[in-house]
Amino acid sequence: KRYEVRGEGVPSSARRPLEYSEFLDCLSLVRKMYGNQEETMLSVLAVLTVQWQLIGRIDDVTNLKKSTLLSNLRDRDTLCVKMVWSKNIREERDSPTQILFGSNDPLVCPLLNLATCMEFGEGTDERVFGCSNRKISNILEKTFQAQISQQLAKGALAVTRSARGLRPTPAARASQG
């Protein structure tokens with residue numbers, strides 16, 4: 001019944017973890033590429049920063065309901081979030097309350113990005129975000145393609161063509177880490 005928890009589910013399609021510096025670059029590129037589309041930019045930034053802190057899946061975060069954002073009585077500078085819809089959630093008791101913390105860096109602060117997004121008002125009556133996970137995924141794909149193009153232009157990334165597309169060469173991976 002709970003194949004993912006036991007490690008018997010579908011293997012992850014992630015090739016490698018996203019590094020913090022890449023996450024920061026992604027947020028900066030979203031601001032630059034979608035700055036003229038404020039509603040989209042604010043939604044994407046809020047989704048990404050909330051996802052980063054909750055370590056959630058894009059489709060789970062985009063389905064976050066307003067009724068699950070609660071004030072934290074123990075610490076007024078945080079929010080309590082309950083992800084009630086998820087691939088791995090079968091019962092409500094499987095959905096723990098998580099704490100959403102702020103950050104001193106406004107670029108990565110999920111509380112600031114979430115408040116700005118909600119104030120701008122793109123979300124529906126029930127859901128926090130007005131963007132679907134497909135729209136967010138398309139924006140991320142364009143953003144990562146732009147990020148790779150920038151690195152190629154700077155000479156910071158040497159790539160080789162493979163059956164799965166462009167991949168860093170062993171020399172490029174060694175120089176990055």
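In case you missed it, the structure is sitting above this.
Computed from a prediction, not measured in an experiment: that's the story for all the values here. (Residues numbered from 1 in each chain as written. Predicted model: local features only at pLDDT ≥ 70, side-chain atom pairs only at ≥ 80, totals over all residues. Heavy atoms only, no water.)

### Here's the deal with the packing of helix 2 (residues 20–33) against helix 3 (residues 38–54)
Filter applied, for reference: Structural elements are reduced to axes, namely lines fitted to C-alpha atoms, with helices fitted over the stretch in contact, and the angle between N-to-C directions of any two is expressed from 0 to 180 degrees. Put simply, DSSP H or I for four residues or longer makes a helix, DSSP E for two residues or longer makes a strand, and each gets a number counted from the N terminus. Any angle that is under 35 degrees is reported as roughly parallel, and any over 145 degrees as roughly antiparallel; angles of 65 to 115 degrees are reported as roughly perpendicular and all others as oblique. Here a crossing is called left-handed whenever its near helix is offset anticlockwise from the far helix by less than a right angle, and right-handed whenever the offset is clockwise. Residues count as neighbours in contact if any of their non-hydrogen atoms are within 4.5 Å of one another. Residues were grouped as follows: Ala, Val, Leu, Ile, Met, Phe, Trp, Tyr, Cys and Pro as nonpolar; Asp, Glu, Lys and Arg as charged; and all remaining residues, including Gly, as polar.
Relative orientation of the contacting elements helix 2 and helix 3 amounts to 165 degrees, with a least axis distance of 9 Å. Accordingly, the angle class assigned to the pair helix 2 and helix 3 is roughly antiparallel. Crossing of helix 2 against helix 3: the hand is left-handed. Between helix 2, through Tyr20, Phe23, Cys26, Leu27, Val30 and Arg31, and helix 3, the contact on the second element is made entirely by Met41, Val44, Leu45, Leu48, Thr49 and Trp52. Partitioned by chemical class, the residues of the contact of helix 2 with helix 3 number ten nonpolar, one polar and one charged.

### Side note on the side chain of threonine 143
Which entries qualify depends on this criterion: Here's how the labels work: a residue is buried when its accessible area is under 20% of the maximum for its type, exposed when over 50%, partly exposed in between, all with a 1.4 Å probe on protein chains only.
Here threonine 143 shows up in helix 6 (residues 133–154). You can call threonine 143 buried: its relative accessible area is 0%. Discounting chain neighbours no more than four positions away, the residues touching threonine 143 are Cys26, Leu29, Val30, Met33 and Tyr34.

### Regarding helix 2
Given 3.6 residues per turn, any residue in an α-helix points the same way as the ones three and four places further on. The line we're drawing: A helix's residues, less one, multiplied by 1.5 Å, set its expected span. Of all possible arcs, the one meant is that of the directions from the helix axis to the C-beta atoms.
For helix 2, spanning 14 residues, the distance from its first C-alpha to its last is 20 Å, which sits close to the expected 20 Å at 1.5 Å a residue. Every buried residue of helix 2 is accounted for by Glu22, Phe23, Cys26, Leu27, Leu29 and Val30. Down the axis, helix 2 shows its buried residues gathered within 165 degrees of arc, on one side only. Against the buried residues of helix 2 lie helix 3 and helix 6.

Scope: geometric values only; no functional claims are made or implied.
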